[in-house]
Structure formats: C-alpha cells, structure tokens
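Each chain, letter by letter, is given below.
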Amino acid sequence: MSKLIGARGAKNKGFSNWSGSVRTNPQEFLQPRSIEEVSQAVQRVGSVRTVGAGHSFTPVAASDDVMMNLDYLSGIVSVDRKRKRVRFLAGTRLRDVPRLLRPFGLALANQGDVDPQSLAGAISTSTHGTGIGFTGFAGTVTGLRLVDAAGQLRSFSLDEDPEQLRLVVVSIGALGVVVEVEMQCVDAFDLLADESGGDIDDILDNFEAYSREVDHFECYWFPHTQAAMTKRNTRLAPGEPTPGGKTAQRSKIKQFVDDEVLGNGAYAALLGIGRMVPQTIPSFNKFATSVISHNRYRASAHEVFVSPRRVRFHEMEYAVPLADGPEAVREIRRFIDAQGWQIAFPLELRTTAPDDVALSTANGRESMYIAFHVPRFKNPYEYMPKVEPLLKAAGGRPHWGKMNTLTRADFSALYPRFDEFCALREELDPQWRFGSDYTRRVFG
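Residues numbered from 1 in each chain as written. Predicted model: local features only at pLDDT ≥ 70, side-chain atom pairs only at ≥ 80, totals over all residues. Heavy atoms only, no water.

Undergrad: Whenever I open this one, the overall build of the chain confuses me. Can you help?
TA: Each helix and strand in the chain was counted, giving 14 helices and 22 strands. Looking at the chain residue by residue over its 444 residues, the buried ones come to 58%. Excluding contacts between residues fewer than 6 apart, the proportion of contacts in the chain whose partners are at least 24 apart in sequence is 72%. Surface summary for the chain: the accessible area is close to 17800 Å², and the carbon and sulfur share equals 50%. (Helix = DSSP H or I, 4+ residues; strand = E, 2+ residues; numbered from the N terminus. Buried < 20%, exposed > 50% of the residue type's maximum accessible area, 1.4 Å probe, protein only. Contact = heavy atoms within 4.5 Å. Areas by Shrake-Rupley, 256 points an atom, 1.4 Å probe, with all protein chains shown as cover.)

Undergrad: What is the right way to look at the packing of helix 10 (residues 325–339) against helix 11 (residues 384–393) in this model?
TA: Geometry of a packed helix pair, given as the angle between the helix axes and the separation of the axes. In contact at an axis separation of 9 Å, helix 10 and helix 11 are set at 155° when each is read in the N-to-C sense. With respect to each other, helix 10 and helix 11 are oriented roughly antiparallel. Crossing angle aside, the handedness with which helix 10 passes helix 11 is right-handed. Across the interface between the two elements, Glu331, Ile332 and Phe335 from helix 10 touch Lys386, Val387, Leu390 and Leu391 from helix 11. Among the residues making up the contact of helix 10 with helix 11, the classes are represented as 5 nonpolar, no polar and 2 charged. (Axes fitted to C-alpha atoms, helices over the stretch in contact; angles between N-to-C directions. Parallel < 35°, antiparallel > 145°, perpendicular 65-115°, else oblique. Left-handed = near helix turned anticlockwise from the far one by under 90°. Nonpolar A, V, L, I, M, F, W, Y, C, P; charged D, E, K, R; others polar.)

Undergrad: Got a minute to help me understand the sheet that holds strand 8 (residues 76–80) in this structure?
TA: Pairing in this open sheet of 5 strands is antiparallel, and the strands run 8-9-13-11-12 from one edge to the other. Unpaired on one side and paired on the other, strand 8 and strand 12 (153–157) mark the two borders of the sheet. Taken pair by pair, the neighbouring strands of this sheet meet at an average axis angle of 10°, ignoring direction. Sitting on the sheet, helix 1 (residues 35–44) is in contact with strand 9 (85–89), strand 11 (141–147), strand 12 and strand 13 (177–184), with an inclination near 140° to strand 13. (Pairing = 2+ DSSP bridges.)

Undergrad: Would you mind showing me how to read helix 11 here?
TA: The periodicity of an α-helix, 3.6 residues per turn, causes residues three or four places apart in sequence to face the same way. Along helix 11, the positions that sit buried rather than exposed are Met384, Val387, Glu388 and Leu391. Down the axis of helix 11, the sector holding all buried residues measures 115°, keeping them to one side. Packed against the buried residues of helix 11 are strand 19 (313–321), helix 10 and strand 21 (367–375). Positive phi appears at Gly395, one or two residues downstream of helix 11, with a value of about 80°. (Arc of directions from axis to C-beta.)

Undergrad: Is there a simple way to think about the packing of aromatic side chains in this case?
TA: Two numbers describe a pair of aromatic rings. These are the distance of the centres and the angle of the planes. For the coordinates displayed, the defined rule picks out 17 aromatic pairs. Between the aromatic rings of Trp341 and Phe372, the centroid separation amounts to 6.5 Å while the plane-to-plane angle is 50°, which identifies the pairing as tilted. With Trp341 in the loop between helix 10 and strand 20 (347–352) and Phe372 in strand 21, the pair connects residues that are 31 residues apart, well separated along the chain. Ring centres 5.0 Å apart and planes at 40° place the aromatic pair Phe421 and Phe443 in the tilted group. Highlighted residues: Phe421 in helix 13 (residues 418–428) and Phe443 in helix 14 (residues 437–443), separated in sequence by 22 residues. Judged by relative accessible area, which is 3%, Phe443 ranks as buried. Linked through ring pairs, Trp400, Phe411, Tyr415, Phe418, Phe421 and Phe443 together constitute an aromatic cluster. Taking the ring centre of Tyr72 as reference, the NZ or CZ of Arg33 above it sits at 3.9 Å. Its guanidinium or amino end placed over the ring of Phe189, Arg235 lies 3.8 Å from that ring's centre, counting from NZ or CZ. (Phe/Tyr/Trp six-rings, centres within 6.5 Å; stacked < 30°, edge-to-face > 60°. Lys NZ or Arg CZ within 6 Å of the ring centre and 35° of its normal.)

Undergrad: Which parts of the structure should I look at to understand the sheet that holds strand 21?
TA: Here 8 strands make up an open sheet; going across it, the order is 18-15-17-16-20-21-19-22 and the pairing antiparallel. Each end of this open sheet is capped by a strand with a single partner; those strands are strand 18 (295–300) and strand 22 (397–398). With 6 bridges joining them, strand 15 (residues 190–199) and strand 18 adopt antiparallel strand pairing. Directly across from Asp194, in strand 18, lies its bridge partner Arg296.

Undergrad: Sorry, what's going on with the environment of Val177 here?
TA: Structurally, the position occupied by Val177 is in strand 13. Here the alpha-carbon distance between Val177 and Phe434, two residues 257 residues apart in the chain, equals 8.3 Å. In this view, Val177 contacts Val38, Val42, Thr50, Met68, Leu70, Arg145, Leu146, Val147 and Phe434; residues no more than four positions away in its chain are not counted.

Undergrad: Please explain the nonpolar core as it appears in this structure.
TA: Buried together is how nonpolar side chains tend to be arranged in soluble globular proteins. Judged by nonpolar contacts, the single largest core of 101 residues is most densely connected at Ile370, Phe372 and Phe443. Apart from residues lying up to four places away in sequence, Phe372 is in contact with His314, Glu315, Met316, Ile336, Trp341, Ile343, Leu347, Tyr383, Met384 and Val387. One finds Ala107, Leu191, Ala299 and Val304 within the second-largest nonpolar core, a separate group that totals 10 residues. (Core = buried A, V, L, I, M, F, W, Y, C linked by side-chain atoms within 4.5 Å.)

Undergrad: How do you make sense of the side chain of Asp148 when you look at a structure like this?
TA: Note that Asp148 resides in the loop between strand 11 and strand 12. Within the structure, Asp148 has its side chain in polar contact with the backbone nitrogen of Ala150 (distance 2.9 Å). Those residues within four positions of Asp148 in sequence are excluded, and the remaining contacts are Val42, Arg154, Leu175 and Phe434. (Polar contact = N/O pair within 3.5 Å; in protein donor to acceptor, adjacent residues only side chain to side chain.)

Undergrad: Explain the pairing of strand 11 to me, please; I cannot follow it from the model alone.
TA: With respect to burial, strand 11 is a largely interior element, 6 of its 7 residues being buried. Between strand 11 and strand 12, which follow one another and run antiparallel, lie 5 residues, and Gly151 among them has a positive phi close to 85°.

Undergrad: Looking at this model, I keep getting lost on the confidence of the model for the chain. Mind explaining?
TA: Regions with low pLDDT should not have their predicted coordinates read in detail. Per-residue confidence for the chain averages 90 on the pLDDT scale, and 87% of its residues sit at or above 70. Below a pLDDT of 50 lies the segment residues 253–257, which in the model reaches 7 contacts outside its immediate sequence neighbourhood of four places, other chains included. Every residue in residues 260–265 scores below 50 in pLDDT, and together they form 15 contacts with partners more than four places removed in sequence or on other chains. (pLDDT = per-residue confidence, 0-100.)

This is the structure:
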C-alpha cells in the first residue's frame, strides 16, 4: 500500500506512504534476498530504516539515507505442530499468511481489518484487531530474530528469556532489522458475522457489555448523526453447526456490492461531493447510515476480518482504558460539534485484551481503541492535534504507526518499561544507525 519506486539497490528514488502524508527521497533503497544480505547491508551503510507496506501514517520508516524493504524475505521458516507455533520470515505480508497456514490447519489468533502490512511492521507498531479476549499481534509473538547495528544476528525467545522478548517485540525498528518472527497460532476457524445499525448512545452506554457478548465486536460511528454500524463476529470451528440455523456464505456478487460498490465506490463519490460542498456531509452521513443493511454470513476468519480500503485517508488512533473509552468518544463528539467541523469519516471503536509486551498499546489493561480519520485531501494537522488532547486526557496511548505529537517524556509516563527500552536501544545502537528524526523524538 506504499509507493516504492526502484529496484533492488536503486538510488535516488522516491518513497511515499499509503496516505501520502510522508514523502522522502532516500539515497538508496535496498531489497535483500537473504538474512546474510541484510547483515552485509547493515555493516556497509551508515544508517538504515526498514519499511514494509508503508501503511504507517507517521514517518516511522522514512529515511533520507538508506531504506530497506524485506519483501523478498517472505514465507514460513518452520512449524511446531504440537505447540502451534509458526516461524515466519519478517517480510511476509499478512495477506499471504492464510494461504501459508492452510496446509497446517492453522490461523492467526486475530487480525485487523486490512492486511497489506508485513509481519515485522505489524508487530513492531503494535498493530491489533478487535476482541476483548484477544491481544494484538505483538501479544502472540513467541520468538524473534533481528540484525543489530554491528550486523550480528540476535535471537529472543519466550522459552529462554520472556522478559527480554517482551521488551523488544514492539520497537518501531529502533533496535535493528527484524528478520524472523515466531507467532503463537491457533486452529483454523470460521467467523459468523452479524453486521447491523444501532444508536450511538445505546452503544456507548453498553459498550463493555456488548464487547463481552461476542468474540469480536467493533463499531463505526458517523459524526453528525445518532447512527452507528456494529460488527459482531463469533468464532466457530470449521464444520460446527451455525447458531440460529444455517447461514449462507456471502456470494461473490454480494461481497463485491458491499465492499467495492457501497464501501468504496459510492463512498468515494460522496467524499468527492463533500469536498466541493462541505455543508452536505452531515446529510451524506445520515444517508450512509440509513442504507446500512443487516448482514449475517459465515466465512473463513480472514475473509470476515479483512475489508478492502481503497478510499485513502489520514488516521490517528489511541488506546484508552476500556472503562474510560465511551466518555472519551462523547468528548470527541461534543468537540466536533463545537468546532463546526464537517467530518465525513466514521470513528472506529474496537477493543483488545491486556498483554505484557513492554511497548504494546494494550500493556497491562483492557483497551478501547478510538480511531479518528479525515480524507486524504484534507490537512490532518488542522484536526489531529486538536483531538489528541482529549485522548491523552483519557490516559490514551497512540498507535505507533499512526499520527501523534508525543515525545519521549510523554511515552515514559505511559509505559512502565519505556526507560528500560530506551536504555536497551542505546546499548544496541549508540550511534543511531537505525535512527531517524522521528525515532529521536520518541526515544532520544
């Protein structure tokens, strides 16, 4: 989902992330074909940043010096069938994982709503899905290998030193180039999807209860309306009877209409009109919610979790304590109305279980994730910094790959092991060979 121009080792080519908010011209763009080539490249160049899909909304992977992409380091390294642990090369894209795991009857324990990211990128930025009983990707990591600033391969394992592993999993590339990731997988499963409309006040009043009623709950609220869309997904073993009777799978035509025509094509058209006539946005939001149909269908997990995202946008997302999330959404609602903004994108509300990964956004607490979006054609800095204080006041932690203005002092107060991570970063990379202006702001 990024724009990477140039072949292996090409020079003076440009990079743009998916939203277009980050553009840079690295002196060299590398695509190693083996871990040995990664090590050689790190020893040769002065500094390097690793990029996956370019789906982060921050300059977390950007560099004017050397950028490295691991698309050629893709696939399964090994499978521990008994423990259901699978070791992947770090450049493996999430969209390829279901196909790779199918022969073993396994699946990822949870997944987000998009899947172009590399595994290393998703883990290093604390990417997550939804479900109060499930952690984000980082919480499922059981092993990791990275190439450090000296070009040496370092291994971390849940079995050998769990505290050290938990410290290094979420690193936004500041400790080295992640080349292998081992993940705890589960038996393959289906999802029974139940999608419908609802009243936002009712949903916020009962958000925690709704989150606990099903395996995976999420909500999309459209500003300037009372309406929201909810998704309730229930896990089922393949072949297990469907609760409430047989439910047909979505036909390809129905899926195309829902995802492409309504979800992307029509929405892009409405955004285009809204761009020319902003006053129409509240009416369009009400129209969008009025045509939400009740969908109930069953499919393999990844087919339900993932939806195409062709309308581009800028995004800020914070994880706040679950109990404080609904009031934070109400504060944002009041603020939007007071500002007189015309917001066409819905707020996305999700949940995750707590984990013990040092820099995971859900470290130590059940979390509600609140994602705020504006279209690509709008200047995000006119909106994000003004909404951000409301999320910070609720004890929020920003997603590592999404827009925020926080610095090391802020993060040190949010994460109990943050200063410990910074000390490890200084030990492994004292010359900031994996550094950038962005990582210096965060860790320096």
